[in-house]
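Chain residues, written in single-letter form:
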Amino acid sequence: MARFIRRTAPVLLAAGLLPLPVLLAADASAAAWGLWGATIITAARKDGARLEALDIAVSPTDPGVILATTAEGVARSSDGGKTFARGKEPVMAFLSWTSKDGLHGIDTYGGLNRSTDGGTTWKKVATVPGGQPQALTAVGAEHVLAATQTGVFESKDGGKTFKKRLAVASSGGH
């Protein structure tokens, strides 16, 4: 079930941690942006535009360029989140964008992908061990951390090798 924050004044698009990660509207035309934990981000705008995404990434060189992971693929906004083009393959679960050539995505099967052109094209570079992905953080163009069902894995060589940094015990439910 989606929960919403209502805003009347202009705010900046931001993803961050309150007690939960939160996505806030880019301008006053946004009626509500959804809160998400490990669920779907739902963005609803006064003009009727809608975006459901699992994750977002903002360009480190152009804050007006935002990518979002949707069920159709990676959706792109070039206007700071006011509009998004329809998602394009491949379908990613999580994104992390550290530099012009440091855009990474992980698909729902743990495939680590990299784009050097801002998300226009993608190349699968590895498969992260450990099952279904839960999160992705790129520290640099070659240094990534991926959380999966069984732990946190780190690669410092662009995905050629992974080292388990933290084991996660399953509680059976989640």
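Located above this text is the structure these notes cover.
Residues numbered from 1 in each chain as written. Predicted model: local features only at pLDDT ≥ 70, side-chain atom pairs only at ≥ 80, totals over all residues. Heavy atoms only, no water.

On to the pattern of salt bridges. As enumerated under the stated definition, the model contains three salt bridges in all. The salt bridge involving glutamate 142 is made with arginine 114; its shortest N-O contact spans 2.7 Å. On the criterion of sequence distance, the pair formed by glutamate 142 in the loop between strand E14 (133–138) and strand E15 (144–148) and arginine 114 in strand E12 (residues 111–115) is long-range, its members being 28 residues apart. The buried category is assigned to arginine 114, whose relative accessible area is 17%. Linking glutamate 154 and arginine 165 is a salt bridge whose minimum nitrogen-to-oxygen distance equals 2.5 Å. In this pair, glutamate 154 sits in strand E16 (residues 151–155) while arginine 165 sits in strand E17 (residues 163–167), placing the two residues eleven residues apart along the sequence. When its relative accessible area of 13% is taken as the criterion, glutamate 154 is described as buried. For arginine 165, a relative accessible area of 45% translates into the label partly exposed. (Salt bridge = Lys/Arg side-chain N within 4 Å of Asp/Glu carboxyl O. Helix = DSSP H or I, 4+ residues; strand = E, 2+ residues; numbered from the N terminus. Buried < 20%, exposed > 50% of the residue type's maximum accessible area, 1.4 Å probe, protein only.)

This part is about the sheet that holds strand E7 (residues 55–58). Here we have three strands laid out as an open sheet, ordered E7-E8-E9, and antiparallel in their pairing. Across the chains shown, the open sheet's two edge strands, defined by having one partner strand only, are E7 and strand E9 (73–77). The average undirected angle you get between the axes of adjacent strands in this sheet is 25°. Both strand E8 (residues 66–70) and E9 contribute to a ladder of five bridges, which runs antiparallel. Its bridge partner lying in E9, threonine 69 is registered against valine 74. (Pairing = 2+ DSSP bridges. Axes fitted to C-alpha atoms, helices over the stretch in contact; angles between N-to-C directions.)

Before going further, it helps to examine the sheet that holds strand E11 (residues 103–106). As summarised here, the arrangement of the four strands in space is E10-E11-E12-E13, forming an open sheet in which the pairing is antiparallel. Each of the sheet's edge strands pairs with one partner strand only, and the pair in question is strand E10 (94–97) and strand E13 (123–127). Across the sheet, the axes of successive neighbouring strands diverge by a mean angle of 25°, strand direction being ignored. Note that E11 and E12 share four bridges and pair antiparallel.

What follows deals with the nonpolar core. Nonpolar side chains tend toward joint burial in soluble globular proteins. Grouped together as the largest cluster of nonpolar side chains are eleven residues: Ala93, Phe94, Ile106, Leu112, Ala126, Val128, Leu136, Ala138, Val144, Ala146 and Phe153. Sorting the residues of this core by element identifies E14 and E15 as the ones contributing at least two each. Residues contacting alanine 126, with those up to four places away along its chain left out, are Gly110, Gly111, Leu112, Gly159 and Phe162. If you look at the next biggest cluster of nonpolar residues, it comprises nine residues, including Val65, Leu67, Leu95 and Trp97. (Core = buried A, V, L, I, M, F, W, Y, C linked by side-chain atoms within 4.5 Å. Contact = heavy atoms within 4.5 Å.)

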